[in-house]
Amino acid sequence: MRSNRQLIIDAQAADNIWNYLDEDAGLDDTPSIISLDRLEAESDSLRQRNAPLGVIIRAGEKQGEDIHRVAPFLDMLQVVALEFPIYRNGRSFSSARILRQELCFAGEIRATGDVLHDQWQAMARCGINAFEIDAKISLDEFTQALGELSDAYQPAADQQRGILWRRHGL
Amino acid sequence: MYRYDEFDHQMVADRVEQFRGQVARRVAGEITEDAFKPLRLMNGVYLQLHAYMLRVAIPYGTLSSKQMHMLAHIARKYDRGYSHFTTRQNIQYNWPALDRIPDLLEELASVEMHAIQTSGNCIRNVTSDQYAGAVADEIEDPRIISEIIRQWSTFHPEFTYLPRKFKIAVTGHKNDRAAIKLHDIGIVIVKNDAGEIGYEVHVGGGQGRTPFIAKKMSDFVPAAQLLAYLEAVMRVYNMLGRRDNSYKARIKILVHETGEEEMRRLVEEEFAKIDATQMLTVPQAEIDRITAYFADPDFDASLPADSAALAEARQADKAFDHWVNTNVVDHKKDGYAIVNISLKPIGGVPGDATDAQIDAVAELAKTYSFDEVRVTHEQNLTLPHVKRDDLKAVYDVLAANQLATPNISMISDAIACPGLDYCDLANARSIPLAQEISNRFQDLERQYDIGELKVKISGCINACGHHHVGHIGVLGVDKKGTEFYQISLGGSADENASLGDITGRAFTEDTIVDAIETLVTSYIDMRQDDERFIDTYRRVGMQPFKERLYAE
Amino acid sequence: MAQHSAKGARFQAVTANRLTDGEVVYFTADGQWAENFTAAEVVEGAEAADALFARATPADFESRVLGAYLFEVLEDGAAGYKPASVRENIRAKGPTIRLDLGKQAAI
């Protein structure tokens, strides 16, 4: 994580204990986030490693495939980091929902990259619960942003059924 | 028509406050223009040549008189006293100040209107048939499912940062007035053998740089499953749509590059997963609630099919008679009619209306059309339910407001995008060309002789003037600093959708109207029986037109 | 945006739109953004153009305007200069189909 960033997990300020590892960096016992390629290549030995493990999924064209490539390894992972390389690349919103809702991943889904105020609420609704954001942002601002739209029409990865249903007590 | 409940009001109010905060942060320098731009776009705020432009949503083109009056008020208070109705049934203001837009939006919210998602890479206004609920042989009022789709797509957290904009249209009639085959998703309401309502879903239509007719993805999606199906299409698009090149980022390109079969397979696979969760099955209670808003108004069932008063008035006033011929269409109920209001006065700016005109139409809607007015895809307005007995009274008010031009679907009823007179994207001016065509062909007898001829003019390749689907389409281009005009023939946006064929070399500002005149006279020379221009073109092809067009 | 070519242009100026109300403005010699094209600072040559653009867009320029860019102008005799492109002429005056709107209305 960049030095000018802070980490918010489940709407609380959190210490960042995770390191993003380069492809060839050695793995020790500290909480480490590695690439999907590496996870796949070293999965056997990683299963033996008794230490926190995370993966970062890039937001390129292959992200759809990657989300399904990572599926067999989810039981080994505490963190899946989803890349938002630039605010207008919204692939990871879909990936987050697939991870939460289809693949039932219960660990931390983290937004990394261009993670801006006006997206946090949508990200949270899609199942992202950890945010690498600018260090200057106050927790108040973050919390307030999550509630800017007080309701929702449609269901997503959050528990909200959506107004279309709730109107009728469903 | 639909009325907001407390939830709808709250959503719009929240959005106004959110945008107010975003504008404040931008003005205070807390966010860059680069970060602010997608936010303002998602609230319909463009930067154009002279000023900001605000696009206000008119869901499926339906308005009440109260809403129309507010639109007129907005034009007076925040703009320069006029506005423009668009080819997607919305309305645009050309001169609002950014720092007053939050107040403007708050006023709109008070009459259940907004500018949400009228721009940006998100799901846009769901458009539909301007004759919905008024025309005979409708399978179902398309505005019901349009409203459900509108709500589902509003602030959808997964689909707010799509590769590109996304446009959905719905028709409930075999005559497609909503151009569904030229949309990212086009929906045709159908009934199966058991008489159940379902939706034929077409995907990947669009104009712009690379026009495509949509491919049919499903013959029949049952009503309760439509949102799950749409969500599947959107998710496939969001994941796989190209993001490397904004000219290749629409779903039409994804369908084209993936192939129709594979696309269908991907969608069906995702649909099966989503449908299995049942999370998007629309409750019957909600379908019923929304359906009730689109029930027939209290029609007078005692009216005879023919109106003696109308017949008399037509005898007495030739201009009125012409107007009835061209602008009035049959209604599903005896004694009623559908009235088309032309916003194409001879020599005027297509689709523009002054605040006074908007107020006048609002009053007509309230008095004569069960308080409803519609916006069409062709930059005109429609009063859906007018008693035939009242047509003369309506006409008199329209005539007094320069709104009674008897030219619907005639050559002078041309569509033109704002073009280089207003638009930051444009390469050429389009409005002056529409005005010149209108002036050249203003003679009514000549127009009636020519008959139905849809001219559509775009000022750049983005095709907001829908030139690809004009019977005669014109694309303005820039060659070394000079405006040129390229002609295409044979396009059509209806159920027999087709993309126009380019004739050849472009024309100058000085020769383009003569060229169109040549095309018109060629058609008149070649036509057989009752053929319209488009019919003759489809029979004889490009060659005879091209020969005459480029003859020395 | 279309018609922005200033490639090979001899004379150039900088234009933008004012942040608060979107009004077309031009960068002046004394570092202001003026509504009138005649007040625009015009420079000659590519180097001077780049320097002008840098002067017009310091770190905080977005607090005043958005969408700043260089555009070509041509000598216009006694009037000084005029915009080269159809687009910039329209921006300097107003919509050609509504002479009662835009800057041209004030003239």
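Residues numbered from 1 in each chain as written. Chains lettered and ligands numbered in written order. Predicted model: local features only at pLDDT ≥ 70, side-chain atom pairs only at ≥ 80, totals over all residues.

### Remarks on the sheet that holds strand 6 (residues 79-84) of chain A
Residues and elements named next belong to chain A. What the eight strands build is an open sheet, ordered 2-1-8-7-6-5-4-3; its pairing is mixed. Because the sheet does not close on itself, it has two edges, and the strands there are strand 2 (12-14) and strand 3 (19-20). Across four bridges, strand 4 (residues 32-35) lies against strand 5 (residues 53-57) in parallel orientation. Residue I33 lies in a different strand from strand 5, and its bridge partner there is G54. In this fold helix 4 (residues 91-102) packs onto strand 5, strand 6 and strand 7 (108-113), with an angle of close to 160° to the strand it touches most, strand 6. (Pairing = 2+ DSSP bridges. Helix = DSSP H or I, 4+ residues; strand = E, 2+ residues; numbered from the N terminus. Contact = placed C-beta atoms within 7 Å. Axes fitted to C-alpha atoms, helices over the stretch in contact; angles between N-to-C directions.)

### What about the sheet that holds strand 6 (residues 168-171) of chain B?
Residue and element names in this part refer to chain B. Strand order in this open sheet of four strands is 6-7-8-9, and the pairing throughout is mixed. Of all the strands in the sheet, the pair left with one neighbour each is strand 6 and strand 9 (215-222). Across the sheet, the mean angle from the axis of one strand to that of its neighbour is 25°, orientation sign disregarded. As paired strands, strand 8 (residues 197-203) and strand 9 are joined by five bridges and run antiparallel to one another. Bridging across to strand 9, H202 finds its partner in K216.

### Topic: the interface of chain B and chain C
Contact with chain B, which involves 29 residues of that partner, is made by 26 residues of chain C. Sorting elements by how many residues they give to the side of chain B that touches chain C places helix 14 (residues 431-440) of chain B first, with three residues. Partitioning the side of chain B that touches chain C into residue classes produces 15 nonpolar, six polar and eight charged. (Nonpolar A, V, L, I, M, F, W, Y, C, P; charged D, E, K, R; others polar.)

### A word on the domain arrangement of chain B
All names here are of chain B. In terms of domains, chain B is made up of domain 1 (6-109), domain 2 (142-291), domain 3 (308-400) and domain 4 (415-549). The C-alpha-based centres of domain 3 and domain 4 are spaced at 27 Å. Every contact between the two is made by eight residues of domain 3 and, on the other side, nine residues of domain 4. Taken together, the residues of the side of domain 3 that touches domain 4 sort by class into three nonpolar, three polar and two charged. (Domains from an automatic or database assignment.)

### Section: the interface of chain B and chain A
Taken together, the contact pairs 32 residues of chain B with 31 residues of chain A. For the side of chain B that touches chain A, the secondary-structure elements that each account for two or more residues are helix 1 (6-27), helix 2 (33-41), helix 5 (142-153), helix 6 (226-240) and helix 9 (284-293) of chain B. A per-element tally of the side of chain B that touches chain A places helix 1 of chain B first, with six residues. Broken down by class, the residue content of the side of chain B that touches chain A amounts to 17 nonpolar, nine polar and six charged.

### With respect to the pairing of strand 4 of chain A
Direction of pairing for strand 3 of chain A relative to strand 4 of chain A: parallel, over a ladder of two bridges. Bridge pairing in strand 4 of chain A links A:N19 to A:S32.

### So, helix 4 of chain A
A rise of 1.5 Å per residue sets the reference length of helix 4 of chain A, with its twelve residues, at 16 Å; its end C-alpha atoms lie 16 Å apart and thus fit the reference within 8%. For helix 4 of chain A, a buried count of ten out of twelve residues is recorded, marking the element as mostly surrounded by other parts of the structure. Every buried residue of helix 4 of chain A is accounted for by A:R91, A:S92, A:F93, A:S94, A:S95, A:A96, A:R97, A:I98, A:L99 and A:R100. The secondary structure elements touched by the buried residues of helix 4 of chain A are strand 5, helix 3 (63-69), strand 6, strand 7 and helix 5 (120-125) of chain A together with helix 6 of chain B. One or two steps after helix 4 of chain A, the chain reaches A:C104, where phi turns positive at roughly 55°. (Expected span 1.5 Å × (residues − 1). Buried ≥ 20, exposed ≤ 12 C-beta atoms within 10 Å, placed from the backbone.)

### Re the pairing of strand 18 (residues 482-489) of chain B
Residue and element names in this part refer to chain B. Relative to strand 18, strand 17 (residues 472-479) runs antiparallel, the two sharing eight bridges. Bridged to L475 within strand 18 is Q486. In this sheet, strand 20 (residues 507-508) lies alongside strand 18 in antiparallel orientation, the contact comprising two bridges. Residue pairing across strands places F484 opposite T508, the latter belonging to strand 20. By the bridge criterion, two bridges tie strand 18 to strand 19 (residues 501-502) in an arrangement that is antiparallel. Each bridged residue has a counterpart across the sheet, and for S488 the counterpart in strand 19 is I502.

### Side note on the environment of C:T38
In this fold, C:T38 is placed in the loop between strand 3 (33-34) and strand 4 (43-44). Along the chain, C:T38 and C:G94 lie 56 residues apart, while their C-alpha atoms are 15 Å from each other.

### Quick look at the nonpolar core
Soluble globular proteins tend to pack their nonpolar side chains together in the buried interior. Residue and element names in this part refer to chain B. Counting 192 residues, the largest nonpolar core has V233 and V361 as its most contacted members. If sequence neighbours within four positions are ignored, V361 has contacts with M68, I341, V373, L381 and L403. A414, Y422, A428 and L549 belong to the second-largest nonpolar core, a separate cluster that totals 45 residues. (Core = buried A, V, L, I, M, F, W, Y, C linked by C-beta atoms within 7 Å.)

### A closer look at the environment of C:D100
Residues and elements named next belong to chain C. Inspection of the secondary structure puts D100 in the loop between helix 2 (86-93) and helix 3 (103-106). By the C-beta count within 10 Å, which is 10 here, D100 ends up exposed. The spacing of D100 and L19 is 81 residues in sequence and 23 Å in space, taken between C-alpha atoms.

### Focus on the environment of B:A463
Residue and element names in this part refer to chain B. As for its placement among the helices and strands, A463 is situated in the loop between strand 16 (455-458) and strand 17. Residues A463 and Q207 lie 256 residues apart in sequence; the distance between their C-alpha atoms is 6.2 Å. Not counting residues within four places of it along the chain, the set of residues in contact with A463 comprises Q207, G208, S458 and H468.

### Focus: the confidence of the model for chain C
Reading fine detail from the predicted coordinates is not recommended where pLDDT is low. Averaged over all residues, the pLDDT of chain C equals 93, while 93% of them reach at least 70. Of the two predicted TM-score estimates for the complex, the pTM is 0.96 and the ipTM is 0.97. (pLDDT = per-residue confidence, 0-100.)

### Quick word on the packing of helix 14 of chain B against helix 16 (residues 512-526) of chain B
Residues and elements named next belong to chain B. Here helix 14 crosses helix 16 at 50°, and the two axes come no closer than 10 Å. In terms of axis orientation, helix 14 runs oblique to helix 16. Remark: the crossing between helix 14 and helix 16 carries right-handed chirality. The residues of helix 16 that touch helix 14, namely those facing L433, E436, I437 and R440, are I512, V513, I516 and E517. Looking at side-chain class alone, the contact of helix 14 with helix 16 contains five nonpolar, no polar and three charged residues. (Parallel < 35°, antiparallel > 145°, perpendicular 65-115°, else oblique. Left-handed = near helix turned anticlockwise from the far one by under 90°.)

### As for helix 4 (residues 101-109) of chain B
All names here are of chain B. Along helix 4, the residues that are buried comprise I101, L104, L105 and L108. The arc enclosing the buried residues of helix 4, seen along the axis, measures out at 100°, which places them on a common side. Of the surrounding elements, those touching the buried residues of helix 4 are helix 1, strand 1 (45-47), strand 2 (52-56) and helix 3 (65-78). (Arc of directions from axis to C-beta.)

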